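Chain and residue survey
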Amino acid sequence: MANPPTLPISDHSGGGSQPQQTISAPAFRTFLSRLSSSIRQSLSQRRPWLELVDRSAISRPHSLTDAYSRIRRNLPYFKVNYVTIVSLVLALSLLSHPLSLLVLLCLFGAWIFLYLFRPSDQPLVILGRTFSDRETLGVLVILTIVVVFLTSVGSLLTSALMIGLGIVCLHGAFRVPEDLFLDDQKPSNTGLLSFLSGAATSAAVAAASTPVSGRV
């Protein structure tokens, strides 16, 4: 009597090729960690909102020079509050235009996964064609220019920024700064304001620990 045929079973326990990473994990974790700590540190410097809207400290400036002087004194004192206000205006504008928000998220994801945190030893292959880092960067730059300047996304961001900056300047001009004490302020390059310079350095250091294929 013939033996029943046996089913071939492939062994995946060893020797098989491991799935390639699509993102440099150490650099991405460093980026997220530094972003989170920078946001927390910046929010700790936020002034009380009741102090920001104190009606007893609101008065009309006597002249344009007086308004400009008030803005210059209020900006460093309420800088975290002002950044929060501008961010909220941007967020509300994007939430009211879901398509623009989706386009920006896709653009941001393309920068993250295709260039900034892609492992340097893993080339980008699309439809069987390998793209160099320079080609990838060029395509992303052109795509960013098209999205920001040639679509409604750019006008939406510009309008939101203008509204946010208008609110900040209006408050800074009408807020009397005589009761503000700026001697206890930390240097302006701390917290979130130093994130842009520090995050890139930390990410580069973390990415250096992975194999490098000579990214230019």
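Being a predicted model, the structure only gives us computed values, none of them experimental.

Take the overall build of the protein next. Along its length, the protein carries 8 helices and 2 strands. Counted over contacts in the protein with a minimum sequence separation of 6, partners at least 24 positions apart contribute 86%.

This brings us to the packing of aromatic side chains. On inspection of all chains with the given rule, the structure shows 2 aromatic pairs. Between the aromatic rings of Tyr-77 and Phe-78, the centroid separation amounts to 4.8 Å while the plane-to-plane angle is 85 degrees, which identifies the pairing as edge-to-face. Here Tyr-77 and Phe-78 have matching classes, each one buried. Judged by centre distance (6.0 Å) and plane angle (50 degrees), the ring pair of Phe-78 and Tyr-82 falls under tilted. Each member of the pair, Phe-78 together with Tyr-82, is buried. Pairwise contacts between aromatic rings join Tyr-77, Phe-78 and Tyr-82 into one cluster.

In the UniProt entry, the feature "transmembrane region" (unreviewed entry) is given for residues 77-95, 101-117, 137-170 and 190-212. Between the C-alpha atoms that bound residues 77-95 there is a distance of 29 Å. The span itself is 95% helix and 0% strand.

This part covers helix α3 (residues 64-77). For α3, spanning 14 residues, the distance from its first C-alpha to its last is 20 Å, which sits close to the expected 20 Å at 1.5 Å a residue. Along α3, the positions that sit buried rather than exposed are Ala-67, Arg-70, Ile-71, Asn-74 and Tyr-77. Down the axis of α3, the buried side of the element spans an arc of 130 degrees, and every buried residue falls inside it. Away from its buried face by more than 90 degrees, α3 exposes Thr-65, Tyr-68 and Arg-72. Buried residues belonging to α3 abut α2 (49-52), α4 (79-95) and α7 (152-174).

A word on the nonpolar core. Within the largest apolar cluster, 10 residues are counted, these being Leu-94, Leu-104, Leu-107, Ala-110, Trp-111, Tyr-115, Leu-140, Val-147, Val-153 and Leu-156. At 5 residues, helix α5 (residues 98-116) tops the list of elements feeding residues into this core. If you look at the next biggest cluster of nonpolar residues, it comprises 7 residues, including Leu-52, Phe-78, Ile-85 and Val-168.

The next point concerns a nonpolar patch on the surface. A cluster of nonpolar side chains, contributed by Leu-137, Val-141, Ile-142, Ile-145, Val-146, Phe-149 and Leu-150, occupies part of the molecular surface with about 660 Å² of accessible area. Turning to its location among the elements, Val-146 is positioned in helix α6 (residues 133-149).

Tracing the backbone shows Arg-175 in the loop between α7 and α8 (195-207). Along the backbone, Arg-175 and Arg-70 are 105 residues apart, and their C-alpha atoms lie at a distance of 7.0 Å. Within the local environment of Arg-175, its side chain forms a polar contact with the backbone oxygen of Glu-51, the two atoms lying 3.2 Å apart.

For Asn-74, the position within the fold is in helix α3. Of the residues examined, Asn-74 reaches a relative accessible area of 0% and is grouped as buried. Of the polar contacts made by the side chain of Asn-74, one reaches the backbone oxygen of Arg-175; its length is 3.0 Å.

How each quantity is defined
Residues numbered from 1 in each chain as written. Predicted model: local features only at pLDDT ≥ 70, side-chain atom pairs only at ≥ 80, totals over all residues. Heavy atoms only, no water. Helix = DSSP H or I, 4+ residues; strand = E, 2+ residues; numbered from the N terminus. Contact = heavy atoms within 4.5 Å. Phe/Tyr/Trp six-rings, centres within 6.5 Å; stacked < 30°, edge-to-face > 60°. Buried < 20%, exposed > 50% of the residue type's maximum accessible area, 1.4 Å probe, protein only. UniProt positions renumbered as here; feature names shortened; annotations may be inferred. Expected span 1.5 Å × (residues − 1). Arc of directions from axis to C-beta. Core = buried A, V, L, I, M, F, W, Y, C linked by side-chain atoms within 4.5 Å. Patch = residues over 30% accessible without salt bridge, like charges linked within 9 Å, V, L, I, M, F, W, Y side chains within 5 Å. Areas by Shrake-Rupley, 256 points an atom, 1.4 Å probe, with all protein chains shown as cover. Salt bridge = Lys/Arg side-chain N within 4 Å of Asp/Glu carboxyl O. Polar contact = N/O pair within 3.5 Å; in protein donor to acceptor, adjacent residues only side chain to side chain.

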